[in-house]
Amino acid sequence: IRAQELAEEANANKLRAETNARELRALSDRLTQSEERQRRMIEASGAGLWDLEAATGQLATDARVLELLGLPPRTALTLDSSLACILHEDRQRVSLAVSNALAGVNEGRFLVEFRTHGLGDAPERWVESRAHALFDADGRGMRLAGVLLDITVRKQAEAAREAVMEALSVHP
């Protein structure tokens, strides 16, 4: 009888393991599908993703951020090296916005528009960056994670509109 009980228990354990394996595969499939949906949505938005580690200044980015900054694929970035890709006139404002977000100003929200120049013959672009700081239990800014969007076409349209408005007001 003991051998039969052990066999039944082994069979029950085997069934539980098979059930757990099926459930784990189903969860893994759902996670993969969810990640794929998110990837497609991010790609459709044209946004690049970035994540700044405040303590080290290391900046993790996707390929789109590098493209928008005018950098080659797989370029390793830090906060300082990314700031070097920003036009000099905009650099201090962006640096201050990062510092303010990590200090908790505006609840750690970050929104700034600036121009990039990249390397070599990379075109000058206008970009908008939006992010939110993550804080530790003591309220210290640990990370700043966000997106980078190309707003060059919008800025060109705004400049054209302003030029037309100025021409109309100067020449009645």
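Quick caveat: nothing in here was measured; it's all calculated off a predicted structure.

## Some remarks on empty space enclosed by the protein
Counting across every chain of the model gives 1 cavity of 30 Å³ or more. Approximately 200 Å³ is the volume found for the largest cavity. Along its surface, the largest cavity is lined by 15 residues, and Trp-50, Leu-59, Ser-82, Phe-114 and Ser-129 are the ones closest to its centre. Counting residues per element, the lining of the largest cavity draws most heavily on helix α3 (residues 79-83), which supplies 3 residues. Taken together, the residues of the lining of the largest cavity break down into 13 nonpolar, 2 polar and no charged.

## Side note on a nonpolar patch on the surface
A grouping of Val-164, Met-165 and Leu-168 is seen on the molecular surface, where their side chains present a nonpolar patch of about 300 Å² in accessible area. Assignment of secondary structure puts Val-164 in helix α5 (residues 152-170).

## Focus: unusual backbone geometry
At Arg-74, a residue that is not glycine, the phi angle is positive and equals roughly 65°. With respect to the helices, strands and loops of the structure, Arg-74 is situated in the loop between α2 (63-68) and β3 (77-78). In the Ramachandran plot, Glu-107 falls in the positive-phi region, its phi being about 55° despite a non-glycine side chain. On the secondary structure map, Glu-107 appears in the loop between α4 (88-102) and β4 (109-116).

## A look at the nonpolar core
Nonpolar side chains tend to gather and get buried jointly when the protein is soluble and globular. Of all hydrophobic cores here, the largest spans 25 residues; its most connected members are Trp-50, Leu-52, Leu-69, Phe-110, Phe-114, Leu-144 and Leu-148. Broken down by secondary-structure element, the contributors of at least two residues to this core are β1 (48-53), α2, α4, β4, β5 (125-135) and β6 (141-150). Per-element accounting of this core gives the leading share, 5 residues, to α4.

## Notes on the packing of aromatic side chains
Two measures describe an aromatic ring pair: the distance that separates the ring centres and the angle between the ring planes. Within the structure shown, the criterion is met by 1 aromatic pair. Their ring planes at 80° and their centres at 5.9 Å tell us that Trp-50 and Phe-110 sit as a pair that is edge-to-face. Taken as a pair, Trp-50 in strand β1 and Phe-110 in strand β4 lie far apart in primary sequence, 60 residues in all. The exposure class assigned to Trp-50 is buried, which follows from its relative accessible area of 10%. According to the relative accessible area criterion, Phe-110 is buried, its value standing at 5%. We note Lys-155 situated over the ring of Trp-126; from NZ or CZ to the ring centre the distance is 4.5 Å.

Rules behind the numbers
- Residues numbered from 1 in each chain as written.
- Predicted model: local features only at pLDDT ≥ 70, side-chain atom pairs only at ≥ 80, totals over all residues.
- Heavy atoms only, no water.
- 1 Å grid on protein atoms, 1.4 Å probe; cavity = no way out; pocket = protein on both sides within 12 Å on 5 of 7 lines; lining within 4 Å.
- Points joined across faces, edges and corners; volume = space filled by probe spheres on them.
- Helix = DSSP H or I, 4+ residues; strand = E, 2+ residues; numbered from the N terminus.
- Nonpolar A, V, L, I, M, F, W, Y, C, P; charged D, E, K, R; others polar.
- Patch = residues over 30% accessible without salt bridge, like charges linked within 9 Å, V, L, I, M, F, W, Y side chains within 5 Å.
- Areas by Shrake-Rupley, 256 points an atom, 1.4 Å probe, with all protein chains shown as cover.
- Salt bridge = Lys/Arg side-chain N within 4 Å of Asp/Glu carboxyl O.
- Core = buried A, V, L, I, M, F, W, Y, C linked by side-chain atoms within 4.5 Å.
- Buried < 20%, exposed > 50% of the residue type's maximum accessible area, 1.4 Å probe, protein only.
- Phe/Tyr/Trp six-rings, centres within 6.5 Å; stacked < 30°, edge-to-face > 60°.
- Lys NZ or Arg CZ within 6 Å of the ring centre and 35° of its normal.

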